[in-house]
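If you want the building blocks of each chain, they are given just below.
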Amino acid sequence: MSAALFIDVEVDDSIAGDRELAAKLEEVCPVDIFRAGAHGLEIVSENLDECVLCRLCLDASPPGTIRIVKLYDDGAVLGAPR
Amino acid sequence: MRFFEYESRAIVAKAGIPVGKHGFARTPARAREIAAEIAAPVVIKSQVLSGGRMKAGGVQFADTPDEAATHAERVLALEIGGHMPRGVLVDSRAAVQHEYYAGVVWDGIRKLPVLLFSDMGGIDIEEVAERHPEHVVSAHFSTLRPFADWQAKQLISSLGITGQALTRLTPIVARLARLFLQYDMTLAEINPLGELADGSFLALDAHMDVENEARPRQRALLAELGVGEQETRQAREPTAFELAGEEVDAQDHRGVAGNVTEFDGNLGLVIGAGGGSLTLFDAVRSCGGQPANYCEIGGNPSVAKACGLAKLVLTKPGVDKIAVMMSIVSNTRVDIVARGVIKACVELGYDPAEKIAIFRIPGAWEEEGFKILARYGVDYADRSVSLHEAARRAVERIGPQSAPVDGPQHDARERV
Amino acid sequence: MSILIDEHTTFIVQGITGREAVNLTRECLDYGKGAKIVGGVTPGRLGRDVHGVPVFDTVAQAVEHHGAPIDGSVVTVPPAFTKDAVFEALENGIRLVVIVTERIPRRDVAEMVELASERGARIIGPNCLGIIVPDVIKMGGIGGPAKDAAKSYTPGPVGVISRSGGMTTEISSTLTAAGLGQSTAVSAGGDAIIGSTYAELMPLFEADSQTEAIVIYTEPGGRMEADLARWVTANDSRLPIVAFMAGRFMDEMPGMSFGHAGTIVEGKADTASEKIERLAEAGITVAEEIAAIPEMIRAKLGARV
Ligand code: SF4
């Protein structure tokens with residue numbers, strides 16, 4: 001029912017298990033896309049389409065480890081190096 | 001929010017204004033009891049918020065408790081102006097010598113409350129003001145300083161009233177002015193304010209309206225009167241569709257999808273904000289369109305809220321297409337609303353390009369929004385297309401109201 | 001020139017740490033010549049800063065820190081606290097208060113307006129987006145982020161007064177697209193009682209040499225339009241006025257409120273049709289749609305030369 005239509009968030013394997021970072025991302029994202037789960041970072045898929053493209057998660061994580069993908073824009077990536 | 005007469009009576013009495021013996025009854029048996037307690041001829045008054053109850057037979061006179069019960073039974077079952085009464089007021093019948101009027105309203109120009117007084121009570125004050133202006137006097141009063149008795153006295157005496165009538169009317173009118181402010185009223189009137197043979201005064205009927213915005217701080221009064229938090233007492237009872245709209249709005253705290261109002265056309269409207277909605281609704285009608293609803297989105301709603309509202313409108317029987325239109329937005333985001341309405345179409349199994357007659361929301365994040373709309377083939381417009389032009393385009397696209405069965409709705413569903 | 005504010009106007013934001021207030025502060029700092037926001041007030045947050053604006057516990061602290069009287073305040077605190085915040089501003093010498101908050105009970109609004117008039121101060125709002133002088137300054141959320149506001153508003157001869165914040169921008173943008181700039185645009189507020197009505201703002205526009213015409217946006221409810229008509233007739237105003245009336249459908253739905261708190265048809269004088277008549281009697285042209293406004297303004301400006 002609520003598969004994301006507009007936004008996908010890709011997380012690099014290198015940070016997937018980082019609990020501290022996961023907690024930080026949970027705190028920082030205004031629309032609750034990240035959750036600090038038992039095994040580290042989880043993506044709350046029903047909230048993906050709420051992403052406001054604010055880049056706060058990108059600023060909070062090591063460069064290039066999170067990619068916000070605009071599915072409606074041929075997979076354009078938010079925060080990709082120009 | 002309007003109070004019933006029996007509630008207004010309670011408010012007036014609480015303020016220390018004399019009222020006749022009375023009681024509120026929801027059953028004929030209770031009406032009989034009250035009439036017996038009053039032990040005199042009574043009048044049975046239907047408790048509805050709509051006017052014209054006298055004409056409709058909602059006011060009956062009874063000489064005995066049994067008669068009171070009989071009348072109450074009839075009045076309790078009588079619908080007036082589309083409303084069933086909440087109960088009946090069993091009121092004593094006073095031998096009135098003279099009827100006065102006292103009322104308080106806000107004056108939006110002077111930005112002060114204004115106290116109105118007339119020695120021609122019992123009829124509509126606006127009518128008196130029009131036909132006998134010399135019988136109505138008024139005075140504005142401060143909201144910062146307590147209302148003083150002399151202010152009431154001065155006003156009443158300006159109609160030439162003196163003697164015992166003046167001294168007895170003064171505290172009543174002053175109390176009315178004070179209760180108006182104390183209880184955040186938008187209207188507080190006693191009409192008629194009756195003078196009895198012995199020279200005493202009674203508030204025979206009262207109308208009170210409390211401001212909705214003040215309900216949170218008038219909780220104590222409302223609880224005392226037994227008014228439920230959910231009771232809105234709109235001029236028209238909300239429909240199931242409208243209640244569903246309130247649910248959509250309540251699902252999260254981000255933004256507003258409010259004031260959903262049902263109409264019976266074929267063009268669903270997802271429109272905003274306050275002024276934009278008013279303009280757009282007029283625009284749709286002026287070019288021959290038939291709106292299925294009114295609504296106001298704004299305040300930067302979530303995708304889920306925009307989606308919920310669009311789904312509600314899309315699934316309303318008789319709706320062929322929706323028009324998504326707002327005046328230029330600065331806080332609400334174009335891309336977020338675009339996502340919401342497209343998501344609604346897709347999740348319902350519709351093609352957004354078919355179902356969205358037009359999307360005209362320019363402003364914040366429009367580049368991003370227009371990308372989304374283009375991707376789904378939705379007809380969209382920027383600020384160079386006026387609100388009226390957008391409405392015209394939507395109406396042209398939807399055409400006249402179509403037959404409800406086997407319409408495009410059906411086809412779209414089957415495609416998936 | 002402009003009315004109410006100019007590039008030198010100093011102001012504070014009361015409730016500055018709220019989410020919308022933080023955005024509004026950013027927008028005002030970025031717009032035009034950059035607003036002189038000399039402080040913010042949120043009780044208990046002394047010492048913080050919002051986009052470089054120092055936050056204080058009280059208005060008095062902000063005034064003391066500034067070292068001179070402060071001209072204005074934008075108030076964005078919740079309805080239950082608005083009256084207190086506005087009183088605090090007024091008692092600390094602030095003479096222009098823009099109240100953004102909506103859903104404030106009328107009694108509170110009347111008290112604020114009464115105190116303001118005793119102190120010789122002016123209130124804009126409540127339930128408004130503020131004031132904008134194109135390319136110079138904005139005070140409030142009007143027009144949104146600086147780059148969006150710059151798209152809609154340009155300097156020019158038309159004064160705009162509107163009961164709807166969003167429609168202030170829609171109308172100004174339409175004027176801008178037609179090559180007609182604005183002297184000052186005021187979102188006056190959508191409540192039944194507001195600090196400054198059309199008739200109260202007119203003398204300011206009348207005295208402003210830049211302003212040559214006025215556009216107003218109006219709705220059903222209240223007597224503000226009749227009051228404007230009276231003012232225009234009594235003062236033989238030099239300014240031609242074009243009005244747009246929204247919510248005509250409401251004439252068929254008495255007792256129901258749409259759009260804004262003050263927008264409700266309770267009596268005959270509240271109806272759109274009655275108001276249109278009053279305005280027309282005073283020589284105010286009423287446009288059938290927004291897009292027709294620029295032509296009407298041009299016709300009026302042309303007729304006067
Ligand atoms: S860009 Fe913002 S909204 Fe989107 S996932 Fe990152 S933090 Fe959340």
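What you see is a predicted model; the values in this text were computed from it and never measured. (Residues numbered from 1 in each chain as written. Chains lettered and ligands numbered in written order. Predicted model: local features only at pLDDT ≥ 70, side-chain atom pairs only at ≥ 80, totals over all residues. Heavy atoms only, no water.)

## Concerning the overall build of chain B
Counting its regular elements, chain B contains 16 helices and 16 strands. Here chain B has a C-alpha radius of gyration of 27 Å; the compact-globule value for 416 residues is 22 Å, and the former is much larger. The dimensions of chain B, computed from C-alpha atoms along their principal axes, are 80 × 50 × 40 Å. For chain B, contacts bridging at least 24 residues in sequence account for 69% of all contacts bridging at least 6. Carbon and sulfur atoms form 51% of the exposed surface of chain B, whose accessible area is close to 16,900 Å². Of the side chains in chain B, 45 bear a positive and 55 a negative charge, and the two mean positions are spaced by 4 Å. (Helix = DSSP H or I, 4+ residues; strand = E, 2+ residues; numbered from the N terminus. Rg over C-alpha atoms; globule rule 2.2 N^0.38 Å. Contact = heavy atoms within 4.5 Å. Areas by Shrake-Rupley, 256 points an atom, 1.4 Å probe, with all protein chains shown as cover. Lys, Arg positive; Asp, Glu negative; His and termini not counted. Charge placed at Lys NZ, Arg CZ, Asp CG, Glu CD.)

## Quick notes on the environment of I15(A)
Here I15(A) lies in helix 1 (residues 13-16). In this structure I15(A) touches L21(A), P62(A), T65(A) and I66(A), once residues within four positions along its chain are discounted.

## Some points on the nonpolar core
Grouped together as the largest cluster of nonpolar side chains are 112 residues, with contacts concentrated most on I68(A), M325(B), F359(B) and I293(C). When residues in this core are grouped by element, the largest group, eight residues, is from helix 12 (residues 334-347) of chain B. The residues contacting M325(B), other than those within four sequence positions of it, are L269(B), V270(B), I271(B), G272(B), L280(B), V284(B), I358(B), R360(B), I361(B), A390(B) and A391(B). By size, the runner-up hydrophobic cluster in this structure holds 71 residues, among which are L115(B), V97(C), I104(C) and V109(C). (Core = buried A, V, L, I, M, F, W, Y, C linked by side-chain atoms within 4.5 Å. Buried < 20%, exposed > 50% of the residue type's maximum accessible area, 1.4 Å probe, protein only.)

## Examining the interface of chain C and chain B
Between chain C and chain B, the contact holds 61 residues from the first and 46 residues from the second. Summed over both partners, the interface of chain C with chain B comes to about 4,100 Å²; 53% of that surface belongs to carbon and sulfur atoms. Summed over the shared surface of chain C and chain B, the number is twelve salt bridges. Where chain C touches chain B, the interface holds 25 residue pairs in polar contact (both at pLDDT 80 or more). Of all the elements in the fold, those that place two or more residues in the side of chain C that touches chain B are helix 4 (106-118), helix 5 (146-152), helix 6 (165-177), helix 8 (224-235) and strand 13 (241-245) of chain C. In terms of residue count, the dominant contributor to the side of chain C that touches chain B is helix 4 of chain C (nine residues). Within the side of chain C that touches chain B, the residues separate by chemical class into 25 nonpolar, 17 polar and 19 charged. (Buried area = accessible area lost by both parts, 1.4 Å probe. Salt bridge = Lys/Arg side-chain N within 4 Å of Asp/Glu carboxyl O. Polar contact = N/O pair within 3.5 Å; in protein donor to acceptor, adjacent residues only side chain to side chain. Nonpolar A, V, L, I, M, F, W, Y, C, P; charged D, E, K, R; others polar.)

## Concerning the domain arrangement of chain B
You'll often see interface size given as the accessible area lost when the parts meet. Examined at the domain level, chain B breaks down into domain 1 (21-92), domain 2 (96-225) and domain 3 (240-414). Using only C-alpha atoms to locate each centre, domain 2 of chain B and domain 3 of chain B end up separated by 46 Å. (Domains from an automatic or database assignment.)

## Comments concerning the sheet that holds strand 1 (residues 22-25) of chain B
Residues and elements named next belong to chain B. Strand order in the open sheet formed by four strands is 1-4-2-3, and the pairing between neighbours is antiparallel. The open sheet terminates on both sides in strands that have one partner only, identified here as strand 1 and strand 3 (59-62). Taking the axes of each pair of neighbouring strands and ignoring which way they run, one obtains an average angle of 20° across the sheet. Here helix 1 (residues 5-14) sits on the sheet and contacts strand 1, strand 2 (42-46) and strand 4 (88-92); the angle it forms with strand 4, its principal contact strand, is near 50°. On top of the sheet, helix 4 (residues 65-76) reaches strand 1, strand 2, strand 3 and strand 4; it is set at about 170° to strand 3, its chief contact. (Pairing = 2+ DSSP bridges. Axes fitted to C-alpha atoms, helices over the stretch in contact; angles between N-to-C directions.)

## Topic: the packing of helix 9 (residues 240-250) of chain B against helix 11 (residues 303-314) of chain B
Residues and elements named next belong to chain B. Running from N to C, helix 9 and helix 11 cross one another at 165°; their axes reach a closest spacing of 9 Å. For the element pair helix 9 / helix 11, the angle class is roughly antiparallel. Handedness of the crossing formed by helix 9 with helix 11: right-handed. Only K305, G308, L309, L312 and V313 of helix 11 make contact with helix 9, whose side of the interface consists of F241, A244, G245, V248 and D249. Residue composition of the contact of helix 9 with helix 11, by class: six nonpolar, two polar and two charged. (Parallel < 35°, antiparallel > 145°, perpendicular 65-115°, else oblique. Left-handed = near helix turned anticlockwise from the far one by under 90°.)

## A short note on helix 9 of chain B
For an α-helix, 3.6 residues make a turn, and residues three or four places apart therefore share a direction. Residue and element names in this part refer to chain B. Here helix 9 has its buried residues at F241, E242, G245 and V248. Angular distribution of buried residues about the axis of helix 9 spans 105°; they occupy a single face of the element. Among the exposed residues of helix 9, those oriented more than 90 degrees off its buried face are A240, E247 and A250. Buried residues belonging to helix 9 abut strand 11 (256-262), strand 13 (293-298) and helix 11. (Arc of directions from axis to C-beta.)

## Considerations on the pattern of salt bridges
This model, assessed by the stated rule, comprises 61 salt bridges over all chains. E114(C) is the salt-bridge partner of R145(B), the closest N and O atoms lying 3.7 Å from each other. Taken as a pair, R145(B) in the loop between strand 7 (136-140) and helix 6 (149-157) and E114(C) in helix 4 lie in two separate chains rather than in one. Owing to a relative accessible area of 46%, R145(B) belongs among the partly exposed residues under this scheme. A salt bridge links D379(B) to R393(B); the shortest N-O distance between them is 3.1 Å. In this pair, D379(B) sits in the loop between helix 14 (366-375) and strand 16 (380-381) while R393(B) sits in helix 15 (residues 387-398), placing the two residues 14 residues apart along the sequence.

## Observations regarding unusual backbone geometry
All names here are of chain B. With omega at 0°, the peptide bond leading from N191 into P192 counts as cis. Inspection of the secondary structure assignment puts P192 in strand 8 (residues 185-196). With an omega of -15°, the peptide bond running from G272 to A273 counts as cis. Here A273 is to be found in the loop between strand 12 (267-272) and helix 10 (274-286). Residues other than glycine seldom take positive phi values, yet K111 does so here, at roughly 60°.

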